[in-house]
Amino acid sequence: MLISIDGIDGCGKSTQVGLLSGVLGARRIQEISPSRWGKRLRATANPSLAQQLAWFTADRATLAESLEEASGSETVHIVSDRSYLSAVAYQSYDSGLTPSFLEELNRSIVPEYDLQIFLHVPVTTALVRIEARGEAKDWCEHPGLLTWADRVFETWVSMRDFIEQVDGARGIDEVAADVRDAACAASLRRFGRIVF
Ligand code: ADP
């Protein structure tokens with residue numbers, strides 16, 4: 001199965017991706033990946049919109065083959081830290097690009113996900129967690145962008161059946177239990193049994 005966890009920075013994605021991939025025995029991947037395009041993104045302090053669009057999309061395209069192996073599979077499982085949904089939410093901020101355009105662009109290069117989880121926390125909670133890291137903030141970790149992205153994620157949950165919202169503003173174990181339940185429910189829907 002192909003499963004992603006998306007949400008704003010600091011919502012707890014990496015924590016939950018680590019836990020879920022461990023429980024499912026799934027391969028863990030991350031957007032941004034270590035491809036040449038991903039490395040360019042990580043090396044650029046403040047990428048222009050054109051650079052973001054080109055490099056995020058190119059980076060995602062390098063993952064497509066692996067994503068295809070897991071999509072709809074009963075034996076190959078991937079849990080991804082972010083997916084194209086993050087492009088839909090983030091790259092539509094103050095850019096003149098609509099979330100729908102970004103979704104269409106990206107869905108033309110990646111297969112269907114069996115489940116996409118939107119891990120929701122209030123922006124204020126995410127910012128407290130980001131501050132607590134004690135590291136320099138990324139170019140995208142500011143309230144205006146995070147508030148916008150959060151709204152787009154919420155809108156997309158309401159429009160797409162394969163996206164499940166999980167409340168990330170609770171203890172790690174409680175959140176992990178709901179994330180696991182969502183994966184099991186998706187497996188039952190898809191295959192009529194738990195395939196992990
Ligand atoms: P993201 O990948 O979404 O940026 P992380 O998983 O890196 O988020 O979590 C950001 C910070 O918040 C980390 O320091 C992590 O330990 C902490 N954290 C993650 N989940 C929770 C939670 N449910 N409650 C409190 N803190 C959390």
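These numbers come from a predicted model, not from an experiment.

Our focus in this paragraph is the site of the ligand. In the neighbourhood of the ligand, 14 residues make up the surrounding shell, with Gly12, Lys13, Ser14, Thr15 and Arg129 lying closest. When residues of the shell around the ligand are traced back to their parent elements, those giving at least two are α1 (13–24), α6 (123–133) and α8 (172–191). Among the elements that take part in the shell around the ligand, α1 stands out by supplying three residues, more than any other.

Let us look at the nonpolar core. Counting residues in each nonpolar core, the largest one holds 45 residues, and the members touching the most others are Ile3, Ile78 and Val88. The element best represented in this core is helix α4 (residues 84–90), accounting for six residues. Residues contacting Ile3, with those up to four places away along its chain left out, are Ile78, Val79, Tyr113, Asp114, Leu115 and Ala183.

Taken together, the buried positions of helix α5 (residues 99–107) are occupied by Pro99, Leu102 and Asn106. Down the axis of α5, the buried set is contained in an arc of 65°. They therefore lie on one face. Exposed and oriented more than 90 degrees from the buried face of α5 are Ser100 and Glu104. Looking at the packing, one finds that the buried side of α5 touches α3 (49–70), α4 and α7 (143–159).

Right, let's get into the sheet that holds strand β2 (residues 27–30). If you trace the five strands from one edge of the open sheet to the other, you get β2-β3-β1-β4-β5, paired in parallel fashion. Single-partner strands in this sheet number two, and they are β2 and β5 (163–167). Here the average twist between neighbouring strands, direction ignored, is 25°. Together, β1 (2–6), β4 (115–120) and β5 form the strand contacts of α7, whose direction differs from that of β5 by roughly 125°.

If you want to describe how two helices pack, look at the angle between their axes and the distance between the axes. Between helix α2 (residues 36–43) and α3, the least distance of the axes is 7 Å, while the angle of their chain directions is 145°. Along this stretch, α2 crosses α3, giving a crossing that reads as left-handed. Contacts between α2 and α3 involve Trp37, Gly38, Arg40 and Leu41 from the first element and Trp55, Phe56, Ala58, Asp59 and Thr62 from the second. Broken down by class, the residue content of the contact of α2 with α3 amounts to five nonpolar, two polar and two charged.

Cut-off values and rules
- Residues numbered from 1 in each chain as written.
- Predicted model: local features only at pLDDT ≥ 70, side-chain atom pairs only at ≥ 80, totals over all residues.
- Near = placed C-beta within 6 Å.
- Helix = DSSP H or I, 4+ residues; strand = E, 2+ residues; numbered from the N terminus.
- Core = buried A, V, L, I, M, F, W, Y, C linked by C-beta atoms within 7 Å.
- Buried ≥ 20, exposed ≤ 12 C-beta atoms within 10 Å, placed from the backbone.
- Contact = placed C-beta atoms within 7 Å.
- Arc of directions from axis to C-beta.
- Pairing = 2+ DSSP bridges.
- Axes fitted to C-alpha atoms, helices over the stretch in contact; angles between N-to-C directions.
- Left-handed = near helix turned anticlockwise from the far one by under 90°.
- Nonpolar A, V, L, I, M, F, W, Y, C, P; charged D, E, K, R; others polar.

These results come straight from atomic positions and should not be treated as a statement about function.
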